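Topology and contacts: notes
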Amino acid sequence: MKSFLLIGLGRFGRHIAMHLNEQGHQIMAVDENEERVNEILDIVTNAQIGDSTNPEFLKALGVRNFDVCIVAISGDFQSSLETTSLLKELGAQLVVSRAERDVQAKFLLRNGADEILYPEKQLAKWAAYRYGSDHLLDYIELDTKNAIVEVPIPDSWAGKSVGDIDIRKKYNINLLALKHDGVMDANISSYTVLPASGTVLALGEYPSLKRCFHV
């Protein structure tokens, strides 16, 4: 369990809070809008109404004590930039800030952000991969070279074991899990026999994944 300081409770911030709450993390939520704060009280550990560009207000929150500080402010880049800078000045351990454009990401990184959240760009890329292929059901980018994809089990693999297919040797791809009727099975070995239906989660470099699964 980690402790989070979440600043900015728009739609993006609320979704972050919801998922962090589902994972059992402690969340201090902050927004200058009283209505937004009240709407989120039942899914956060604590909440404060205040201006995150005010040094005294941020200092009173004890930002050093949080494992992660997330700046999810949208529509006001100046406030996002000032908040990011102040958090780092006050000794925040890890500052993750939202950017809407590349130039914003550059300024945030130069002014204290350790990492950048880029929801629009990241979702756009996911959508392009997901709906640009007839076979790709899900796509998780790991870095500039590697990704995890979820694809239907190829017909030619049905009834064969992972060892028989030898996907690692042929394509340099690792099978991570099988999924059938919504149930995930991550206990994969060379003896695992692949069913005729369901999906597989595979890890590899983009060219290898494309060549193997025709995505």
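Here we summarise the structure given alongside this text. (Residues numbered from 1 in each chain as written. Predicted model: local features only at pLDDT ≥ 70, side-chain atom pairs only at ≥ 80, totals over all residues. Heavy atoms only, no water.)

**Some words on the overall build of the protein chain**
- Across its full length, the protein chain carries nine helices and eleven strands.
- In terms of overall size, the protein chain is more extended than a compact globule, its C-alpha atoms giving a radius of gyration of 21 Å where 215 residues would be expected to give roughly 17 Å.
- Taken over the C-alpha atoms alone, the protein chain extends approximately 65 × 35 × 25 Å along its principal axes.
- For the protein chain, restricting intrachain contacts to residue pairs at least 6 apart in sequence, the fraction spanning at least 24 positions comes to 54%. (Helix = DSSP H or I, 4+ residues; strand = E, 2+ residues; numbered from the N terminus. Rg over C-alpha atoms; globule rule 2.2 N^0.38 Å. Contact = heavy atoms within 4.5 Å.)

**Overview of the pattern of salt bridges**
- By the definition in use, this model includes three salt bridges.
- Linking D114 and K88 is a salt bridge whose minimum nitrogen-to-oxygen distance equals 2.7 Å. In this pair, D114 is assigned in the loop between α5 (102–110) and β6 (115–117) and K88 in helix α4 (residues 77–89), connecting sequence segments 26 residues apart.
- Overall, the relative accessible area of 37% leaves D114 in the partly exposed class.
- Judged by its relative accessible area of 28%, K88 is partly exposed. (Salt bridge = Lys/Arg side-chain N within 4 Å of Asp/Glu carboxyl O. Buried < 20%, exposed > 50% of the residue type's maximum accessible area, 1.4 Å probe, protein only.)

**Examining the environment of K125**
- In this structure, K125 sits in helix α6 (residues 119–131).
- As for K125 and E115, which are separated by ten residues in sequence, their C-alpha atoms are 18 Å apart.
- Ignoring any residue separated from it by four or fewer positions in sequence, one finds K125 in contact with Y139 and E141.

**Overview of the sheet that holds strand β9 (residues 174–180)**
- Strand order in the open sheet formed by five strands is β7-β8-β11-β9-β10, with antiparallel pairing between adjacent strands. Each edge of the sheet is formed by a strand with only one pairing partner; in this case those strands are β7 (138–141) and β10 (183–185). The average angle at which neighbouring strand axes cross in this sheet is 20°, direction not considered.
- When strand β8 (residues 146–152) meets strand β11 (residues 199–205), the two strands line up antiparallel, connected through seven bridges. (Pairing = 2+ DSSP bridges. Axes fitted to C-alpha atoms, helices over the stretch in contact; angles between N-to-C directions.)

**Considerations on the pairing of strand β1 (residues 3–7)**
- Taken across its five residues, β1 has five buried, putting it largely inside the fold.
- Alternating residues of β1 divide into S3, L5 and I7 and F4 and L6, and every residue in both groups is buried.
- By the bridge criterion, five bridges tie β1 to strand β2 (residues 26–31) in an arrangement that is parallel. Each bridged residue has a counterpart across the sheet, and for F4 the counterpart in β2 is I27.
- A crossover links β1 with its parallel partner β2, the connecting element being helix α1 (residues 11–22), and its sense is right-handed.
- Pairing of β1 with strand β4 (residues 68–71) involves four bridges; the strand directions are parallel. Bridged to L5 within β4 is C69. (Right-handed = clockwise from strand over helix to strand, strands pointing away.)

**Observations concerning the sheet that holds β6**
- Here six strands make up an open sheet; going across it, the order is β3-β2-β1-β4-β5-β6 and the pairing parallel. For this open sheet the edge positions go to β3 (46–49) and β6, each flanked by a neighbour on one side alone. Going across the sheet, the axis of each strand differs from the next one's by a mean of 20°, ignoring polarity.
- Two elements, β2 and β3, share four bridges in a ladder whose sense is parallel. Across the sheet, residue M28 finds its bridge partner in β3, namely N46.
- Contacts from α1 reach β1, β2, β4, β5 (95–98) and β6 within the one sheet, and its direction differs from that of β1 by about 165°.

**So, α4**
- For α4, which comprises 13 residues, the first-to-last C-alpha distance of 18 Å matches the rise-based estimate of 18 Å (1.5 Å per residue) to within 8%.
- All of the buried residues in α4 are S79, S80, L81, T83, T84, S85, L86 and L87.
- G91 sits one or two residues past α4 and shows a positive phi near 95°. (Expected span 1.5 Å × (residues − 1).)

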